[in-house]
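Read off the chains here:
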Amino acid sequence: MEQLIIKNAKLNGATTDILIENGRFKTFAPHITPSQEQCELFDACGMTIVPPFFNAHTHAAMTLFRGFADDIELFDWLNNYIWPAEAKLTPYDVYCGSKLAILEMIKSGTVFFNDMYWFQEETIRAAEEMGVRAAVGLLFLEDENGNIAERNVRGNQKLLEMKKQQLLSDRITLTLAPHAVYTVSERNLRRVEELAEELKLPVHIHLAETAREVQECRKEHSGLSPVEYLASLGLLNRNLIAAHSVHLSNYDIEMLADAQAVLVHMPCSNMKLNSGAFRFADAFKAGCRIALGTDGCASNNNLSMFDEMKFAALAAKREDNSPTAAPADYVFNIATTGGAEAFGIDSGEIAPGKLADAVLINTDSSYLTGGEFIPGMVYSADSSVVDSVICNGRIIMKHRVVPGEKQIIEEGRKCAAKLRTK
């Protein structure tokens, strides 16, 4: 029986000890004493314990393309820069890039990421080694001839085999990940719908990211928006994870709310690529389920959920022309508890029986001096306030030290340099 006792942590303003047993929170009380010799103790004096962040959409290994081809329009960026560079990726590159991303996420308080990328087994290997949670997608992306690329097919087959042989830990889940309506044909989207029903997996897709995507979809599919098109294929439901969802009509928002699909808002990436403004206030008022993500480092250029919270809150206030839009407690919730709920993870809450995922925040930081705690986390703080991180009952960062981080950075640097050479 694995035990961890967190001593002297602040929880909802009160000081408490917390017993974690077999990966779940068990007891909250003052002065808990170990019941076995192997119990690990962690003194959290001066720290507040909060739920960790859940990054609902990213491409982890794209840390290798951070700062590559900046300030370029999306379709030009994808077709003429990113996709040609990605063609040179090796499985080891994806492994190193994913570990670099996970290091950055841990350092900024994130314990889960929802990934869509190549060589998925290497992303899984990195997540398993780093001790975090991940949802990894069976990727669907067609080549210029309308076929799923061979390496894409092999990657999906490996994922399904790993699932079949129960080679994935309970920290790793799978999704079906068609890239977008403009890169996956109706034939293959219908196949995705069949697999989603057969395998009981969520569907993760880029949706309505640009005005051009919407225009082309309406032109090619009898006037249907991307949301309406997915609905016609049976893909609009509670198990849909819709990344970006920027260019939505009022009817689209109504449909998404009724279906209870998850809209993943990525304000930093949307602003950098000038994709458009997510209608946060309208989606919130309609009752949509919203989570936050970072996108990949090539279009953000970091993986900090602190940035996403602040930009999401500020953009919503500007959109709604009201300082009361997107209050801090709601934004913090969708970055933490809401992200866990979106993926069916029994986490996102510091409470007995819940999976023991948590972040210990240094409340002595100047960023959090004065004012209320949650607004401070949303509007003031950055990743430097994260002292330690716990995932599944294990400390994966202690006092800002992640085991092996120097080597992770060095290997990532080598892979990035190789990919940028012509």
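The structure this text deals with has already been given above.
Residues numbered from 1 in each chain as written. Predicted model: local features only at pLDDT ≥ 70, side-chain atom pairs only at ≥ 80, totals over all residues. Heavy atoms only, no water.

## Comments concerning the packing of helix H2 (residues 91-107) against helix H15 (residues 405-419)
Consideration 1: In contact at an axis separation of 9 Å, H2 and H15 are set at 130 degrees when each is read in the N-to-C sense. Taken as axis vectors, H2 and H15 run oblique relative to one another. In this structure, the crossing between H2 and H15 has a hand that is left-handed. Side by side, H2 and H15 meet where Tyr-92, Asp-93, Cys-96, Lys-99, Leu-100, Leu-103 and Lys-107 of the first sit next to Glu-405, Ile-408, Ile-409, Glu-411, Gly-412, Cys-415, Lys-418 and Leu-419 of the second.
Consideration 2: Residues of the contact of H2 with H15, tallied by class, amount to 8 nonpolar, 1 polar and 6 charged. (Axes fitted to C-alpha atoms, helices over the stretch in contact; angles between N-to-C directions. Helix = DSSP H or I, 4+ residues; strand = E, 2+ residues; numbered from the N terminus. Parallel < 35°, antiparallel > 145°, perpendicular 65-115°, else oblique. Left-handed = near helix turned anticlockwise from the far one by under 90°. Contact = heavy atoms within 4.5 Å. Nonpolar A, V, L, I, M, F, W, Y, C, P; charged D, E, K, R; others polar.)

## Focus on the pattern of salt bridges
Close approach of charged atoms allows side chains with opposite charge to pair.
Consideration 1: One pass over the structure, following the stated rule, counts 26 salt bridges.
Consideration 2: Note that Glu-129 is salt-bridged to Lys-99, the shortest N-O span being 2.9 Å. Here the residue Glu-129 occupies a position in helix H3 (residues 120-130), and Lys-99 occupies one in helix H2, the gap between them amounting to 30 residues.
Consideration 3: Residue Glu-129 is classed as partly exposed on the basis of its relative accessible area of 43%. (Salt bridge = Lys/Arg side-chain N within 4 Å of Asp/Glu carboxyl O. Buried < 20%, exposed > 50% of the residue type's maximum accessible area, 1.4 Å probe, protein only.)

## Here's the deal with the packing of H2 against H3
Between two packed helices, what matters for the description is the angle formed by their axes and the separation of those axes.
Consideration 1: At a closest axis distance of 8 Å, the pairing of H2 and H3 adopts a crossing angle of 40 degrees. Classified by the interaxial angle, the pair formed by H2 and H3 is oblique. H2 and H3 meet at a crossing whose hand is right-handed. Residues Pro-91, Val-94, Tyr-95, Ser-98, Lys-99, Ile-102, Leu-103 and Ile-106 of H2 pack against Glu-122, Thr-123, Arg-125, Ala-126, Ala-127, Glu-129 and Met-130 of H3.
Consideration 2: The class makeup of the residues in the contact of H2 with H3 is 9 nonpolar, 2 polar and 4 charged.

The quantities given are spatial measurements derived from coordinates; they are silent on function.
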